[in-house]
Structures are given as structure tokens and as C-alpha cells.
Amino acid sequence: AESNLEWVMLASQTMTFASDDDTDAIARTDIEMPFLSGIMFVNKPPGWATLPTKQQLDDPNNATYPCLSDSVKKWLGVSKDGQEMMKRALDDEQRFFSFYSSQLDGKQRKKWDRKAEKMQEKLETFEPRPCHRLDIDTSGIVCVALTPYALRSCNMLFERKSLGGADDSPSSVGVQKRYVA
């Protein structure tokens, strides 16, 4: 099944940093948004596990269900497009941490620099992973984080799903899922 996969690149062509006018507003909010370059969206077919199943973890040769997470990691590691995507994600994130830190002062900068340092430590052992799951028999789009910061940011957005509202206030930002039968 995995050999029949066709990877189609759909990537953002732009990256926007906050303007000087926006940095105070960003510093006051607890909402963290991942860079588009730090996430990828994958169409999971039915019959695939999003993450390795318990049987696959116990016996990696057990191919009961193909694993989307393992296939994505393999593609990111061996394909030229995947390697470029990972490099861009890491470079954009590093550039963002440096830029954002330079916009802060005092306690805010120290707090942010500690967060950036922790994320940097996580990079040593981090493997790209889905931000959410879909049942094996369910097909749909899965958001995959390529960096620790992207995973953390996406997880926060998925957790906020119940706070969603009609306005664009910080408390209403979150992920809205739609299911089609």
C-alpha cells in the first residue's frame, strides 16, 4: 500500500512576521500560531493508522495497518522535497525565535528565551508527528507538526476547539473540525 503513495506538495509561499505595531499585542496574548512551513497536511486514507498501533510498537514487522506517521517520517527523511521541507521549517522557526526575542525586553525576553531554549533541546530527539488522530477506518486531512514549536502550537489550537466563537477575539481562536458522512 505504501509504495502506491503519491506525495503532492502544497506549501505556503509566504511567511509574515509581526510588524513593530503588532509586537505588544502578540506579547500580551497566550495564543501561539505555528508557521505554515512548520506543519504539513496529509490526506489519510481509510485503513491506515495515524500513529503506530500497539501491535506495531510491540512487533515493528507487524503490518496489520500501514502507519501514516511512519510513512511521513520516512518521506521527510529520504525525499529531496521532504528534506527541503524540514530544513525550511527549522530555519523559519529559528529565524522567528531570534526576531521575536529581539522585539521583547526585560522579563518578557528572558521568559521567551527560556522557551526557545527548551524548544531547541527538544529538537535533538523530536520526530515529526501528527497533531491529532483519525480512526483507522476514517479518511481525512491530518495535520503533522515538523518541529516541537509547531506541535505545541497546534496542540494548543486543537485544545481550544470548544472556545470557538463567531468573533476573532483571542479566546475564540481554535480549530473547528468538520465531519462529512
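It should be noted that the structure appears before, not after, this text.
Since the model is a prediction, treat every value here as computed from it, not as a measurement. (Residues numbered from 1 in each chain as written. Predicted model: local features only at pLDDT ≥ 70, side-chain atom pairs only at ≥ 80, totals over all residues. Heavy atoms only, no water.)

Visitor: Is there a simple way to think about the overall build of the protein chain in this case?
Guide: A count of helices and strands for the protein chain gives six helices and three strands. Here the protein chain holds 181 residues, and the buried ones make up 34% of them. In the protein chain, the proportion of contacts linking residues at least 24 apart, taken out of those at least 6 apart, comes to 62%. Of the roughly 12,000 Å² that the protein chain leaves accessible, carbon and sulfur atoms contribute 50%. (Helix = DSSP H or I, 4+ residues; strand = E, 2+ residues; numbered from the N terminus. Buried < 20%, exposed > 50% of the residue type's maximum accessible area, 1.4 Å probe, protein only. Contact = heavy atoms within 4.5 Å. Areas by Shrake-Rupley, 256 points an atom, 1.4 Å probe, with all protein chains shown as cover.)

Visitor: Any chance you could explain the pairing of strand β3 (residues 140-145) here in plain terms?
Guide: Where a strand is regular, its side chains alternate between the two sheet faces. The element β3 is extensively covered by neighbouring structure, given that five of its six residues are classed as buried. In the sheet, strand β1 (residues 39-44) pairs with β3 via six bridges, with the strands oriented antiparallel. Bridging across to β3, Val42 finds its partner in Val142. Sheet analysis places strand β2 (residues 129-130) next to β3, joined by two bridges and oriented antiparallel. Its bridge partner being in β3, Pro130 is matched across the sheet by Val144. (Pairing = 2+ DSSP bridges.)

Visitor: Which parts of the structure should I look at to understand the environment of Pro148?
Guide: Structurally, Pro148 can be placed in helix α6 (residues 148-159). Along the primary structure Pro148 and Glu121 are separated by 27 residues, whereas in three dimensions their C-alpha atoms are 9.6 Å apart.

Visitor: Teacher, can you tell me more about helix α5 (residues 106-123) here?
Guide: Taking 1.5 Å of rise per residue, 18 residues should cover 26 Å, and α5 covers 26 Å from first to last C-alpha, within 8% of that figure. Trp112, Ala116 and Met119 are the residues of α5 that are buried. Buried residues of α5, viewed axially, fall in a sector of 60°; they line one side. Exposed residues lying more than 90 degrees from the buried face of α5 are Lys107, Lys110, Lys111, Arg114, Glu117 and Lys118. (Expected span 1.5 Å × (residues − 1). Arc of directions from axis to C-beta.)

Visitor: For this particular structure, what's the right way to read the pattern of salt bridges?
Guide: If the charged atoms of two oppositely charged side chains come close together, the side chains can form a pair. Considering all chains together, one arrives at six salt bridges under this definition. With a shortest N-O distance of 3.8 Å, Asp70 and Lys73 are connected by a salt bridge. Residue Asp70 and its partner Lys73 are located together in helix α3 (residues 68-78), separated by three residues, close to a single helical turn. For Asp70, a relative accessible area of 36% translates into the label partly exposed. (Salt bridge = Lys/Arg side-chain N within 4 Å of Asp/Glu carboxyl O.)

Visitor: Is there a simple way to explain the side chain of Lys44 in this structure?
Guide: Of note, Lys44 is situated in strand β1. Polar side-chain contacts of Lys44 include one of 2.5 Å to the backbone oxygen of Thr138. (Polar contact = N/O pair within 3.5 Å; in protein donor to acceptor, adjacent residues only side chain to side chain.)

Visitor: Help me out: how do you make sense of the nonpolar core in this one?
Guide: It is characteristic of soluble globular proteins that their nonpolar side chains tend to be buried jointly. Among the nonpolar cores identified, the biggest contains 14 residues, and Met40, Val72, Leu76 and Leu146 are the most heavily contacted of them. Of all elements in the fold, only β1, α3, α4 (80-103) and β3 reach the threshold of two or more residues within this core. With four residues, α3 is the largest single contributor of residues to this core. Not counting chain neighbours up to four residues away, the residues in contact with Leu76 comprise Met40, Gly82, Gln83, Met85, Met86, Pro128 and Leu146. (Core = buried A, V, L, I, M, F, W, Y, C linked by side-chain atoms within 4.5 Å.)

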